[in-house]
Each structure stands twice: as structure tokens, then as C-alpha cells.
Amino acid sequence: EDEDDIYRLNGKNTKYIRLEELTKQNDVLGIIIDETEEITKRKMVEEERDTDILTGLYNRRGLENKLADLFDEPEKLKHGAMVMVDADCLKEINDKYGHDKGDIYLCKIAGILSSFGPNSCVISRYGGDEFVLFLYEYENAEELENTVKTLGFIQDNSIAHLSDKISVPLRFSYGYCL
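1. Notes on helix H5 (residues 141–156)
Here is step 1 of the chain: When the terminal C-alpha atoms of H5 are compared, their 24 Å separation across 16 residues agrees well with the 22 Å that a helix rising 1.5 Å per residue should span.
Here is step 2 of the chain: Among the residues of H5, Leu 144, Thr 147, Val 148, Leu 151, Gly 152 and Gln 155 are the ones counted as buried.
Here is step 3 of the chain: Buried residues along H5 sit in contact with strand E4 (79–87), helix H4 (99–114), strand E6 (130–138) and strand E9 (172–177).
Here is step 4 of the chain: Where H5 starts, the residue carrying a side-chain oxygen 3.2 Å from the main-chain nitrogen of Glu 142 turns out to be Asn 140.

Set out below in C-alpha cells:
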């Protein structure tokens, strides 16, 4: 089955259908086949495969798939940057407060990164305490570089509330390439 033969019908509930045609002598019979259940299952498996279970961000595979799609049309990317982010102090938080609080700390960083970037951005938890942002569709390198540099400001003004009684400064290191 070819994805080009599947049509998406948007409404209250999205449906996916496949159209088939049977010809016998001069008669043509059109058949509409509901593919919604199969497509929905496949999309769910793909999402689970490509999503980090803790943060809800793309995982490494999801990032690679998304970047491959984006780079199929490089002319649409304009100016872009790859930003590597590494959570600071995670080991200390895990040792002092427990791994559940370390998970909260990672989720707080993921939340900040998820709301980052006024233009298009792909965000991934690459593994462990490492995150990757790919920023694109910027009109010029200066605008892009200024956007990346706001990560430092965001970090300097962020606190991770790990529980009602535990709050720690949210810290991460980052590097980037335009």
C-alpha cells in the first residue's frame, strides 16, 4: 500500500481512507476502505519509537528522522543552528535528593527548552542529561546567534522546584554551531 493512496479526512474525528477502483468490462466500481485504525496504530508506534518517555521530547531516533525530513528541503531552512545542551548538577541532585528528583530536574530543563526559540525549533533529549536543539528558518545569522545567547539569560533566571521544600538553580552548559 502506498501512502499516496491514503487520504486524510479532517473533521470532528480524523479518518483515513483508501480509494480503490475495480473495472470489469465497461463497469467501474469504486471502493472506499477505512484505514483509520491501521494508520492510527502505526502513528502511535512511530510516536512511541521516536519520543523520550520521560520528557516527551524527541529521542535520538526521533531527532534523526525529523532532521532527515527537514534536510530533504534545505532551501526552506534558511539560517540554522545546532545547539548541544548538557544538564549541570544532575549527579549531585540524584545523590542528594534521589533519582525521582533528578527526573524532575531533567523535565524542568526540557520544559524550558520546549518553549525556546521564536522561530522553528526541533528539540530532543539526546540521551541521559544531553539535549539537542536545531533552530532554523532565521532570516540572518545575527538574529539566530542572539536567540541562542538568550539561553544563558534563561538559565540565570530559572529555578527548578523539585518539591514543595526543594528548589535548586536550574543549570546547563551549551555549545552551538551556526
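2. Some thoughts on unusual backbone geometry
Here is step 1 of the chain: Its identity as a non-glycine residue notwithstanding, Gln 25 has a phi of 55°, on the positive side.
Here is step 2 of the chain: Relative to the assigned elements, Gln 25 resides in the loop between strand E2 (15–24) and strand E3 (27–34).
Here is step 3 of the chain: The phi dihedral of Lys 78 is positive, around 55°, even though this residue is not glycine.

3. Let's talk about the sheet that holds E3
Here is step 1 of the chain: Strands sit in the order E1-E2-E3 across an open sheet of three strands; the sheet is antiparallel. With one partner strand each, in any of the chains shown, strand E1 (6–9) and E3 form the two edges of the open sheet. Taken over all neighbouring pairs, the strand axes of this sheet differ in orientation by 35° on average, direction set aside.
Here is step 2 of the chain: Contacts from helix H1 (residues 36–50) reach E1, E2 and E3, with the element oriented near 135° to E2.

4. Here's the deal with the side chain of Asp 52
Here is step 1 of the chain: Structurally, Asp 52 can be placed in the loop between H1 and helix H2 (60–71).
Here is step 2 of the chain: With residues near it in sequence (within four places) discarded, Asp 52 still touches Leu 57, Tyr 58, Asn 59 and Arg 125.

5. Focus: the sheet that holds strand E5 (residues 120–127)
Here is step 1 of the chain: An order of E5-E6-E4-E9 is seen for the four strands of this open sheet, with the pairing classed as antiparallel. The sheet is open, and its two borders are formed by E5 and E9, each paired with just one other strand. Ignoring which end each strand starts from, the neighbouring axes of this sheet average 20° apart.
Here is step 2 of the chain: In terms of strand pairing, E4 meets E9 through six bridges, oriented antiparallel. By the bridge assignment for E9, Met 82 is matched with Cys 177.
Here is step 3 of the chain: Helix-sheet contacts for H5 involve E4, E6 and E9, and the interaxial angle to E9 is about 175°.

Thresholds applied
- Residues numbered from 1 in each chain as written.
- Predicted model: local features only at pLDDT ≥ 70, side-chain atom pairs only at ≥ 80, totals over all residues.
- Heavy atoms only, no water.
- Helix = DSSP H or I, 4+ residues; strand = E, 2+ residues; numbered from the N terminus.
- Expected span 1.5 Å × (residues − 1).
- Buried < 20%, exposed > 50% of the residue type's maximum accessible area, 1.4 Å probe, protein only.
- Contact = heavy atoms within 4.5 Å.
- Polar contact = N/O pair within 3.5 Å; in protein donor to acceptor, adjacent residues only side chain to side chain.
- Pairing = 2+ DSSP bridges.
- Axes fitted to C-alpha atoms, helices over the stretch in contact; angles between N-to-C directions.

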